[in-house]
Structure formats: C-alpha cells, structure tokens
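Chain and residue survey
Given next are the chains, with one letter for each unit.
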Amino acid sequence: MSKPTYTLVTGASNGIGRAFAEECAERGDNVLLVALPEPKLEEVTNQLSSQYPEQSFHLLGINLMDQGAPQQILKWCNDNGFTVNLLINNAGLGNSGPFVSRPAEFYQGQMQLNMVSLVGLTHLFLPMMMAQEKANIINVASMAAFYDIPFKGIYSASKKFVLSFSRSLNKELEGSSVKITVLCPASVPTNPDVMQREKELGLMARLSSRTPKQVASYTLDKMLQGKQVVIPGFFPRLYKRIGTVVPYRTRLNILAKQFVKNSK
Ligand SMILES: NC(=O)c1ccc[n+]([C@@H]2O[C@H](COP(=O)([O-])OP(=O)(O)OC[C@H]3O[C@@H](n4cnc5c(N)ncnc54)[C@H](OP(=O)(O)O)[C@@H]3O)[C@@H](O)[C@H]2O)c1
C-alpha cells in the first residue's frame, strides 16, 4: 500500500488558512495544521479529527517569524514520516498606516513571515515534493501585489515578492511534477481588522469581498485546472483590468486617499 500523503497549511487556525484546512479535509486530504501555538489551533485540529475520523490531522504550534521555523517544520514532518504533496503557504501579516508609525522590528517580523518563511518552506519541501508523481504549492499573495500602496508599502511589496517569486519558480519547475499557484484575494472578512477595513473602504470593498470558504474552494478548483494566478471574484478581476488603463499617478493618489483614511 502506498504511504499516505498530507496537505500542509500554514496559518491554519484562522481565516483563509483555516478554510483551506477545512476544504482540503472535506475533499479527503490528511492535513498538517501549522500556526502560532494558540488554543485555536488545537480546536480546529480536534474539530477536523472528529468530523473526518478516517483521515489524519496533526498540528504544530510554531512562530513562523522565528528564523529556524521552516527547518523545524521539515524536521517535524521527517521525524513523523509525513509526506507533503500540497503545501499551502498562507500565514501572513497585514497592516496599514504611516511607515514611520511602526518600529522597524514590526516590518522585520512582517517581512520574515510574508516572504522569508515562505521561501524557506518552499525551498526545504521542494525535494520531497519533486520526488512525487504530482504535487502542488499554493502561495498566498494578495490583490495588493498588483499595486504600489501608500500607507501599506511593506505589505504590498511583500505580496509583489510572493507573486513574482511564485511565477518565476513555476516556470523554472516546468517539466517537473510540482506546480505553483499564487492566490491573490481581495477583501476576505477573516479578522476584526479586515472587517473594519471593509466597512471603511465602502462599496468597492464590499463588492469584492469573498468568504474564506469561497476563496479556499475556488483556489483549489483553479489549482486542479492548472491555473497559475488565482483572483477569486468577478469584481476584483474587473478592478484589476480597470487599474491597467488608469494612469499610474492617478491610481497612486486614489490608493493613498483610500488607505490614509484606513490607517492604523
Ligand atoms: N483577509 C484578507 O482580506 C486578505 C486579503 C488578501 C490577502 N490575504 C492574505 O491571506 C493570508 C491569510 O490572511 P487571513 O486574513 O486569513 O489572516 P488571519 O485571519 O489573521 O489568520 C492568520 C493565520 O496565520 C497565523 N499566524 C499569524 N502570525 C503567525 C506567525 N508568526 N507564525 C505562525 N502563524 C502565524 C494565525 O495564527 P493566530 O490565529 O494564532 O494568530 C492565523 O492562523 C495572509 O497571507 C494575508 O496576507 C488576506
């Protein structure tokens, strides 16, 4: 009998990551749930274990802002014989506000989480995944990846990095068994900050909004169809199109106005 395989989801205790874990479980996957060591992570894992008793669910509480975290996650998988065939690099941290209003350490942590840990996990897990007949990586970026966003500069730059890295690596892996999908969601009501932002940004944000479940399910379907860049929702795709014909300076002014209001 062949060895069981696993889907590994980072940031699996809340929001989009939790929805990915739940959706993958519903589709029959065994799931490895990785997030900060908070009680929520255990709650989600226990809930999945009782809902799907024939599948296997394991949790690892770890801070992905710690430099050695990707190595610890790989070691945990190797020590327990977990073979990963779907890696979902979802954990990430957003913010808005004047650049200087936060200490440099905040941005170091944000860059470590949004970019460095994602690269580390991709690098460390690729050999295991390339040894399989078929494997996938989903990297979670954002619609912010398509714009320069004043008052959200490090976040949007970190998501541009995820988008660019994912597309380049996907090309590099052509002919191998691994495909990379990059998810660029608009607004997804997952935590109080995002919900407040949705209210403040008004109609456009509300029209773009998708639930975590809709995002996870749509992305997994598109991944199976071999789509490289996934933007859930008609309105976000429309805004992206419109964005390409609006002159750069006008776009920058609109975004600066939107996000200065929304700064925290
Ligand atoms: N929500 C949106 O509107 C939106 C839009 C575009 C892109 N995104 C991207 O989608 C991804 C998920 O966003 P979300 O809104 O679902 O986030 P969320 O609701 O805040 O959940 C984040 C998840 O990541 C975990 N996490 C946070 N910091 C961590 C760390 N240092 N180490 C390990 N785990 C950590 C959290 O654990 P705890 O719950 O214990 O904190 C939680 O499980 C992010 O990459 C985000 O940038 C979100």
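All residue numbers refer to position in the chain's written sequence, counted from 1. Thresholds applied to this predicted model are a pLDDT of at least 70 for local features of residues and 80 or more for the giving and counting of side-chain atom pairs; totals over whole chains, interfaces and linings are not thresholded and use all residues. Hydrogens and water are ignored here; the side-chain numbers use all heavy atoms of the structure.

Stated precisely, the cut-off is as follows: UniProt positions are given in the numbering used here, feature names are shortened, and annotations may be inferred rather than shown by experiment.
For the chain, the name recorded in an unreviewed UniProt entry is Short-chain dehydrogenase, with Roseivirga spongicola as its organism. The UniProt entry for the chain carries the following comment under Sequence similarities (unreviewed entry): "Belongs to the short-chain dehydrogenases/reductases (SDR) family."

What about the sheet that holds strand S6 (residues 178-183)?
Strand pairing within a sheet occurs via backbone hydrogen bonds; the two strands may be parallel or antiparallel. Defined as follows: Should DSSP find at least two bridges between two strands, the strands are taken to pair. What counts as a helix is a DSSP run of H or I of at least four residues, what counts as a strand is a run of E of at least two, and both are numbered from the N terminus. What makes two residues a contact is simply this: any of their non-hydrogen atoms within 4.5 Å. Here the axes come from fitting lines to C-alpha atoms, over the contacting stretch only for helices, and the angles between their N-to-C directions go from 0 to 180 degrees.
Across the sheet, which stays open at both edges, the seven strands sit in the order S3-S2-S1-S4-S5-S6-S7 with parallel pairing between neighbours. Each having just a single partner strand, strand S3 (57-61) and strand S7 (229-230) make up the two edges of the open sheet. Bridge count between strand S5 (residues 135-140) and S6: six bridges; the pairing is parallel. The residue bridging Ile 138 from the neighbouring strand is Thr 181, located in S6. Sheet strands in contact with helix H8 (residues 212-224) are strand S4 (83-89), S5, S6 and S7, and its direction is about 140° off that of S5.

A look at the packing of aromatic side chains
Condition: Classification of ring pairs rests on two measures: the distance between centres of Phe, Tyr or Trp rings, Trp counted by its six-membered ring, which must be within 6.5 Å, and the angle between planes, read as stacked under 30 degrees, edge-to-face over 60 and tilted in between. Our definition puts a charge over a ring when NZ of Lys or CZ of Arg is within 6 Å of the ring centre and also within 35 degrees of the ring normal.
Under the criterion given, the structure shown has eight aromatic pairs. Directly above the aromatic system of Phe 106 lies the positively charged group of Arg 102, at a separation of 4.3 Å from the ring centroid. Above the face of the Tyr 155 ring, Lys 152 is positioned so that its terminal group lies 4.9 Å from the ring centre.

A short note on unusual backbone geometry
One non-glycine residue, Phe 151, adopts positive backbone phi at about 70°. In this structure, Phe 151 sits in the loop between S5 and helix H5 (153-172).

A closer look at helix H3 (residues 69-80)
The cut-off we apply is this: Expected helix span is computed as 1.5 Å times (number of residues minus one). Think of it in three bands: residues with accessible area under 20% of the maximum for their type are buried, residues over 50% are exposed, and the middle band is partly exposed, with areas taken using a 1.4 Å probe on protein chains only. As used here, the arc belongs to the directions running from the helix axis to the C-beta atoms.
For H3, spanning 12 residues, the distance from its first C-alpha to its last is 17 Å, which sits close to the expected 16 Å at 1.5 Å a residue. Of all the positions in H3, only Ala 69, Pro 70, Ile 73, Leu 74, Trp 76 and Cys 77 are classed as buried. Projected down its long axis, H3 carries its buried residues within an arc of 155°, all on one side. In H3, the exposed positions that point more than 90 degrees away from the buried face belong to Lys 75 and Asp 79. The positive-phi residue at the C-terminal boundary of H3 is Gly 81, with phi of around 70°.

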